Amino acid sequence: MEDLAIPMKVKERTKHFFKEVGSLSHFAGRFFKQALNPPFEFKELLRQCYQVGNRSLLLVMATGFIIGLVLTLQSRPTLIEFGAVSWMPNMVGISIVREIGPVITALICSGRIASGFGAELGSMRVTEQIDAMEVSGTNPFKYLVVTRIWAATLMLPLLVIFGDLVALYGSSLVENMKGDVSFRLYFNTVFDALSFGDLVPATIKSFFFGFVIGLTGCYKGYNSDKGTAGVGVAANSAVVMASLLLFVVDFIAVFVSDIFYEL
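The shown structure was predicted, so the numbers you read here are calculated from the model rather than taken from an experiment.

1. Examining the overall build of the chain
Move 1: In terms of helices and strands, the chain carries 8 helices and 0 strands.
Move 2: Listing every helix and strand of the chain by position from the N terminus yields α-α-α-α-α-α-α-α.
Move 3: In terms of overall dimensions, the chain has C-alpha extents of about 65 × 55 × 40 Å along its principal axes.
Move 4: Among the 263 residues that make up the chain, the fraction classed as buried is 43%.
Move 5: The long-range fraction of contacts in the chain, counting pairs at least 24 apart against all pairs at least 6 apart in sequence, stands at 84%.
Move 6: Surface summary for the chain: the accessible area is close to 14700 Å², and the carbon and sulfur share equals 69%.
Move 7: Each charge class in the chain was averaged separately, 21 positive and 21 negative side chains, and the resulting centres sit 7 Å apart.

Here is the structure:
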């Protein structure tokens, strides 16, 4: 019986996985169907942009500053050993702008934004506020879900830009103290090393990161189970799913951009 239990568990997990993928895809299709159709909830969209952007800015900037400090402090001894310490601004700038900045910022925001969306919409589902909106003739999906996904999609690239700039400032601070490199020289070297092909893919995939974070948070919260435990499950599972999908989207973005570089 124990030998049969393991294949049954694998079968159930596989079935649940594909069911979850199908439900999330249907939820995304519903968003695209209603996202560009009037009426538009501009007031609620602006409020959600403030909630997503302003309240996440300090966390993103603190994280970016620490990343810049740590990356420079960890890389400096190795570059000194090979006599390539002058390449520090180039290496840190390209690595932060291309990969580290967008991914780390997205992961931080998945914990802040996706869990917030999941808990907020989950509590509204539990207290039957969403059902009340449907009875009153309001479209809760457009008012609650569409505005939040749009806000996350639009705000995350801005948060990534702020995070990158603060990370580069933290790196320049280390170089200024340990290598006597002025801030002006450091940033001139970084911007000379960066190219159009570094900025565009990182910016484009930041929009997709924001979309994934908003989509998973709203999906888990909007479809949460009844009861107070469902709110916690929705918030927790939203962060886990968003973090996993971020790495999948990042792999696809890097793979596609690498194809264009080869062309």
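2. Thoughts on the confidence of the model for the chain
Should the pLDDT be low somewhere, the predicted coordinates at that spot are not to be read in detail.
Move 1: Confidence along the chain averages 86 in pLDDT terms, with 97% of residues attaining 70 or more.
Move 2: Looking at the elements of the chain, mean pLDDT is at its lowest for helix H1 (residues 2-35), recorded as 79, and at its highest for helix H5 (residues 140-178), recorded as 91.

3. Considering the pattern of salt bridges
Move 1: Tallied over the entire structure, the rule returns 9 salt bridges.
Move 2: Notably, a salt bridge pairs glutamate 44 with arginine 148, separated by 3.9 Å at the nearest N-O pair. With glutamate 44 in helix H2 (residues 42-81) and arginine 148 in helix H5, this pair connects stretches of sequence that are 104 residues apart. We note that glutamate 44, like arginine 148, is buried.
Move 3: Notably, a salt bridge pairs glutamate 99 with lysine 205, separated by 2.9 Å at the nearest N-O pair. Separated by 106 residues along the polypeptide, glutamate 99 in helix H3 (residues 88-126) and lysine 205 in helix H7 (residues 196-222) bring together distant segments of the chain.
Move 4: Judged by relative accessible area, lysine 205 falls into the buried class, the value being 6%.
Move 5: The network of salt bridges with shared partners includes Glu44, Arg47, Glu120 and Arg148.

4. Observations regarding H2
Move 1: The end-to-end C-alpha distance of H2 is 56 Å, a good match for the 58 Å that 40 residues give at a rise of 1.5 Å each.
Move 2: Taking the largest bend as the criterion, H2 deviates by roughly 45°, centred on leucine 57.
Move 3: Among the residues trailing H2, glycine 83 stands out with phi positive, at a value near 70°.

5. What about H3?
Move 1: Where H3 bends most, at isoleucine 96, the angle is about 55°.
Move 2: Directly beyond the C-terminal end of H3, a positive phi value near 65° is found at glutamate 128.

6. Some remarks on the UniProt feature "transmembrane region" (unreviewed entry) in the chain
Move 1: The feature "transmembrane region" (unreviewed entry), as annotated in UniProt, sits at residues 56-73, 149-169, 190-213 and 233-261 in this numbering.
Move 2: Across residues 56-73, the secondary structure splits into 100% helix and 0% strand, with the terminal C-alpha atoms separated by 26 Å.
Move 3: Counting secondary structure, residues 190-213 comes out at 92% helix and 0% strand; the distance between its end C-alpha atoms is 30 Å.

7. Quick notes on the packing of aromatic side chains
Move 1: Counted by the stated rule, this structure contains 14 aromatic pairs.
Move 2: Ring plane angle 25° and centroid distance 6.1 Å describe the contact between phenylalanine 251 and phenylalanine 255, whose orientation is recorded as stacked. Placement of both phenylalanine 251 and phenylalanine 255 in helix H8 (residues 228-262) is noted, with a separation of 4 residues, approximately one turn of the helix.
Move 3: Among the residues examined, phenylalanine 251 registers a relative accessible area of 57% and is labelled exposed.
Move 4: Joined through ring pairs, the aromatic side chains of Phe27, Phe141, Tyr219 and Tyr222 make up one cluster.
Move 5: Positioned over the ring face of tyrosine 222 is arginine 125, at 4.8 Å from the centre of the ring.

8. A word on the packing of H3 against helix H6 (residues 183-193)
Move 1: Orientation of H3 relative to H6, taken along the N-to-C sense of each, is 60°, at an axis distance of 8 Å. As the angle between them shows, H3 and H6 are arranged oblique. Note on packing geometry: the crossing formed by H3 with H6 is right-handed. Residues Pro89, Asn90, Val92, Gly93 and Ile94 of H3 pack against Tyr186, Thr189, Val190 and Ala193 of H6.

The rules behind each value
Every chain's residues receive numbers from 1 upward, in the order its sequence appears when written. Reporting in this predicted model follows two pLDDT cut-offs: at least 70 for local features of residues, and 80 or more for side-chain atom pairs to be given and counted; totals over whole chains, interfaces and linings ignore these cut-offs and use all residues. Note: side-chain values were computed over all heavy atoms of the structure, leaving out hydrogens and water. The way it works is that DSSP assigns letters per residue, a run of H or I at least four long becomes a helix, a run of E at least two long becomes a strand, and they are numbered from the N terminus. Three labels apply to residues, based on accessible area from a 1.4 Å probe with only protein chains included: buried if under 20% of the type maximum, exposed if over 50%, partly exposed otherwise in between. Contacts between residues were defined by any pair of non-hydrogen atoms, one from each residue, lying within 4.5 Å. In these tables, accessible area is a Shrake-Rupley quantity obtained with a 1.4 Å probe, and a residue counts as shielded only by the protein chains included in the view. Think of it this way: Lys and Arg go in the positive column, Asp and Glu in the negative one, and His and the chain ends go nowhere. In plain terms, the charge of a residue is placed at NZ if it is Lys, CZ if Arg, CG if Asp and CD if Glu. Every residue is assigned a pLDDT by the predictor, reflecting its confidence on a scale from 0 to 100. By definition, a salt bridge exists where a carboxyl oxygen of Asp or Glu is found within 4 Å of a side-chain nitrogen of Lys or Arg. Helix span is expected to be 1.5 Å times the residue number reduced by one. The angle between axes fitted to the seven-residue stretch ending at a residue and the seven-residue stretch beginning at it gives the bend at that residue. UniProt positions are given in the numbering used here, feature names are shortened, and annotations may be inferred rather than shown by experiment. Pairing of aromatic side chains here covers Phe, Tyr and the six-membered ring of Trp, requires ring centres within 6.5 Å, and sorts the geometry by plane angle: under 30 degrees stacked, over 60 edge-to-face, intermediate tilted. Our definition puts a charge over a ring when NZ of Lys or CZ of Arg is within 6 Å of the ring centre and also within 35 degrees of the ring normal. Interaxial angles span 0 to 180 degrees and are taken between N-to-C directions of axes, which are lines fitted to C-alpha atoms, for helices over the stretch in contact. Oblique is the label for any angle not covered by the other classes, which are roughly parallel (under 35 degrees), roughly antiparallel (over 145) and roughly perpendicular (65 to 115). Here a crossing is taken to be left-handed if its near helix is turned anticlockwise relative to the far helix by less than a right angle, and right-handed if that turn runs clockwise.

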